[in-house]
There are 2 protein chains.
Amino acid sequence: MMNSCSQLNIDKLSKALKVLSEPNRLNILCSMGLECTQVSAIIEDTGLSQTNVSFHLRVMREAGLVKGERRGAFIYYCLYDTTLLALLEEMNQWLDTSFQKAAGSES
Amino acid sequence: MMNSCSQLNIDKLSKALKVLSEPNRLNILCSMGLECTQVSAIIEDTGLSQTNVSFHLRVMREAGLVKGERRGAFIYYCLYDTTLLALLEEMNQWLDTSFQKAAGSES
DNA sequence: TGCAAATATGTGTGACTACGCATATACTAA
DNA sequence: TTAGTATATGCGTAGTCACACATATTTGCA
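Residues numbered from 1 in each chain as written. Chains lettered and ligands numbered in written order. Predicted model: local features only at pLDDT ≥ 70, side-chain atom pairs only at ≥ 80, totals over all residues. Heavy atoms only, no water.

1. Some words on the sheet that holds strand S2 (residues 66-71) of chain B
Residue and element names in this part refer to chain B.
Turning to step 1, where the next piece is worked out: Spatially, the three strands line up as an open sheet ordered S1-S3-S2, and their pairing is antiparallel. On the outer flanks of this sheet lie strand S1 (37-38) and S2, each paired with one strand and no other.
Turning to step 2, where the next piece is worked out: The pairing of S1 with strand S3 (residues 74-79) spans two bridges and is antiparallel. Across the sheet, the residue bridging to Thr37 is Tyr77, located in S3. (Pairing = 2+ DSSP bridges. Helix = DSSP H or I, 4+ residues; strand = E, 2+ residues; numbered from the N terminus.)

Okay, structure coming up:
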């Protein structure tokens, strides 16, 4: 039962990873970037439907990854902690460098 | 279309995150740790069924996260790149520290 | 007021996924 | 060769998920 990464909170970690594993959600996060962005801008930027963007925003909001605040008629969404972008970039970097094997090919 | 993390390979990244978002798979990765481990040891360590472990190992193998090599009657599985554990621990650390909001509660 | 814009939500559905069961394959030993 | 152990694979299934459609809610403005 004791192993090299037993300090990992598997449940919490897997839930966060699941939320982040949806390509449209990643695109939405990228669209927001470091600044707070109104939903209509995200819709335009990603090309997704309004319903779909709203759905994904809710998932990420309930996961605590993003927050939305109303400013007049608009709601501005932004990352709860922008460190997330750095983590994603780090993971992306890792996939690009020390990760030569393409999916689907194994020994 | 141009945003702050446009260098991200969304497709590749989301695929890897999806594979990692399964709690049993994370447990299996933890069970392997830095060393190559035979499947039966993973089964015993995680308490999962043989079929299930084999299933998850295949998913991770085809994703290029782990590799398996036969040694006699046994097949030893290990991380393709152990940096993955560091990345997971980093993400875990981030969730523990700068991440006070519990899932399910939002404004 | 009432209308229009911005965003969220309920419902249904097709696709995917994790899992168990049964079985097949690969290897070792007698 | 036969039996037994280790691991993989085909198949069926229940549960989950992303999405569209329709509709509701909130806000600003005439």
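2. Some thoughts on the protein's contact with DNA strand D
Turning to step 1, where the next piece is worked out: DNA strand D sits among 23 residues. The nearest are Asn24, Arg25 and His56 of chain A together with Ser54 and Tyr77 of chain B.
Turning to step 2, where the next piece is worked out: For DNA strand D, the fraction of protein-proximal atoms (within 4 Å) that sit in sugar or phosphate groups is 72%.
Turning to step 3, where the next piece is worked out: Here a phosphate oxygen of DNA strand D sits 3.0 Å away from a polar atom, N or O, in the side chain of Asn52 of chain A.
Turning to step 4, where the next piece is worked out: Here a phosphate oxygen of DNA strand D and a backbone polar atom of Ser40 of chain B are 2.8 Å apart.
Turning to step 5, where the next piece is worked out: The residue makeup of the surface near DNA strand D, split by class, is seven nonpolar, 11 polar and five charged. (Near = heavy atom within 4 Å. Polar contact = N/O pair within 3.5 Å; in protein donor to acceptor, adjacent residues only side chain to side chain. Nonpolar A, V, L, I, M, F, W, Y, C, P; charged D, E, K, R; others polar.)

3. Describing the packing of helix H1 (residues 10-20) of chain A against helix H5 (residues 83-96) of chain B
Turning to step 1, where the next piece is worked out: Where H1 of chain A contacts H5 of chain B, the axes come no closer than 10 Å and their chain directions differ by 100°. Relative to H5 of chain B, the element H1 of chain A is oriented roughly perpendicular. Facing Lys12, Leu13, Ala16, Leu17 and Leu20 of chain A of H1 of chain A, the residues of H5 of chain B in contact are Leu88, Met91, Asn92, Leu95 and Asp96 of chain B.
Turning to step 2, where the next piece is worked out: For the contact of H1 of chain A with H5 of chain B, a count of residues per class yields seven nonpolar, one polar and two charged. (Axes fitted to C-alpha atoms, helices over the stretch in contact; angles between N-to-C directions. Parallel < 35°, antiparallel > 145°, perpendicular 65-115°, else oblique. Contact = heavy atoms within 4.5 Å.)

4. Topic: the sheet that holds strand S2 (residues 66-71) of chain A
All names here are of chain A.
Turning to step 1, where the next piece is worked out: The strand order across the open sheet built from three strands is S1-S3-S2, with neighbouring strands paired in antiparallel fashion. Strand pairing shows two members of the sheet lacking a second neighbour, strand S1 (37-38) and S2, which therefore form its edges.
Turning to step 2, where the next piece is worked out: Here six bridges tie S2 to strand S3 (residues 74-79), and the two strands are oriented antiparallel to one another. Along S3, the bridge assignment pairs Arg71 with Phe74.

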